[in-house]
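# Examining the three-dimensional arrangement
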Amino acid sequence: MSTDPELPESWEYTLQVPCDPLAPCIARRTLRTIFEEHGFARVAETAELLTSELVTNSYRHSEGPASVRVRREGKGKGVRVTVWDTNPALPGLQATALPREDAEEGRGLALVMRCADSWGGFALRRQPQGLTGKLVWFELGAG
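The notes below deal with the structure included here. In this text the structure is predicted, and so the values were computed from the model without any measurement.

### Structural notes on the packing of helix H1 (residues 23–37) against helix H2 (residues 44–61)
Viewed as axis vectors pointing N to C, H1 and H2 meet at an angle of 150 degrees, and their least axial separation amounts to 8 Å. On the basis of their axis angle, the class for H1 and H2 is roughly antiparallel. As for the relative orientation of H1 and H2, their crossing is right-handed in sense. Only Ala44, Glu45, Ala47, Glu48, Thr51, Ser52, Val55 and Thr56 of H2 make contact with H1, whose side of the interface consists of Ala23, Pro24, Ala27, Arg28, Leu31, Arg32, Phe35 and Glu36.

Pasting the structure below:
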């Protein structure tokens, strides 16, 4: 008899992170655990990398906290990771080229574009709940 619990087809986790230099590391480790424990070990490393890049951007370009939401909406679906921060300015979402090798920044979103199954982002302005900022998301593990 197995002692492992039966995993649900749909699930969601939310991690709140402060504007802190340790936030990308904490998010990275948390995402790896979630992906591995829910049977997405083959894309856990990619999820860890992309989440770290988005949380790093949040730390560097916003003054407030951030949150990371990880969600799967049913069997046969991939996992969506969404990072929210307080800065409503969207990064250059059309840039597809990696920066020069000696550049100190600019790789994060290019990695998301190249490694995710799908991705996107949008600004939140004047939401009824008072939430402002932006959401940037990516999906992995579909099919």
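### Points about the nonpolar core
Counting 28 residues, the largest nonpolar core has Phe35, Val55, Val68, Val70, Val81 and Phe138 as the members making the most contacts within it. In contact with Val55, not counting residues within four places along its chain, are Val17, Ala23, Pro24, Ala27, Val68 and Val83.

### Considerations on the packing of H2 against helix H3 (residues 108–115)
With their axes 9 Å apart at the nearest point, H2 and H3 run at an angle of 145 degrees to one another. With respect to the hand of their crossing, H2 and H3 are arranged in left-handed fashion. From H2, Thr46, Leu49, Leu50, Glu53 and Leu54 reach across to H3, where they touch Gly108, Leu111, Val112 and Cys115. Its residues assigned to classes, the contact of H2 with H3 shows six nonpolar, two polar and one charged.

### With respect to the packing of aromatic side chains
Under the counting rule described, the total for this entry stands at two aromatic pairs. Seen in terms of ring centroids, Phe35 and Phe40 are 6.2 Å apart; in terms of plane orientation they differ by 75 degrees. Their pairing is edge-to-face. The same class applies to Phe35 and to Phe40, which are both buried. In this arrangement the basic side chain of Arg80 is found over the ring face of Trp137, its NZ or CZ atom lying 3.7 Å from the centre.

### Here we look at the sheet that holds strand E5 (residues 133–140)
Read from one edge to the other, the open sheet built from five strands follows the order E1-E2-E3-E5-E4, with strand pairing classed as antiparallel. Pairing within the sheet leaves two strands with one partner each, and these edge strands are strand E1 (10–17) and strand E4 (118–124). Averaged over all adjacent pairs, the angle separating strand axes in this sheet is 15 degrees, with direction ignored. Sheet topology note: the strand E3 (residues 79–85)/E5 ladder contains seven bridges and is antiparallel. Across the sheet, Thr82 pairs through a bridge with Trp137, a residue of E5.

### Quick notes on the pattern of salt bridges
Tallied over the full model, the rule gives seven salt bridges. For Glu139, the salt bridge identified is with Arg80, shortest N-O distance 2.8 Å. Of this pair, Glu139 sits in strand E5 while Arg80 sits in strand E3, and the two are 59 residues apart along the sequence. Assessed through its relative accessible area of 26%, Glu139 is described here as partly exposed. Note that Asp85 is salt-bridged to Lys134, the shortest N-O span being 2.9 Å. A residue pair is termed long-range when its members are at least 10 positions apart, and Asp85 in strand E3 and Lys134 in strand E5 qualify at 49 residues. For Asp85, a relative accessible area of 4% gives the class buried.

### Overview of the environment of Glu63
By the element assignment, Glu63 lies in the loop between H2 and strand E2 (66–73). In the structure, Glu63 is positioned 45 residues away from Pro18 in sequence and 9.5 Å away in space, judged by C-alpha atoms. The contacts of Glu63, once residues within four sequence positions are left out, are Cys19 and Thr86.

Calculation criteria
Residues numbered from 1 in each chain as written. Predicted model: local features only at pLDDT ≥ 70, side-chain atom pairs only at ≥ 80, totals over all residues. Heavy atoms only, no water. Axes fitted to C-alpha atoms, helices over the stretch in contact; angles between N-to-C directions. Helix = DSSP H or I, 4+ residues; strand = E, 2+ residues; numbered from the N terminus. Parallel < 35°, antiparallel > 145°, perpendicular 65-115°, else oblique. Left-handed = near helix turned anticlockwise from the far one by under 90°. Contact = heavy atoms within 4.5 Å. Core = buried A, V, L, I, M, F, W, Y, C linked by side-chain atoms within 4.5 Å. Buried < 20%, exposed > 50% of the residue type's maximum accessible area, 1.4 Å probe, protein only. Nonpolar A, V, L, I, M, F, W, Y, C, P; charged D, E, K, R; others polar. Phe/Tyr/Trp six-rings, centres within 6.5 Å; stacked < 30°, edge-to-face > 60°. Lys NZ or Arg CZ within 6 Å of the ring centre and 35° of its normal. Pairing = 2+ DSSP bridges. Salt bridge = Lys/Arg side-chain N within 4 Å of Asp/Glu carboxyl O.

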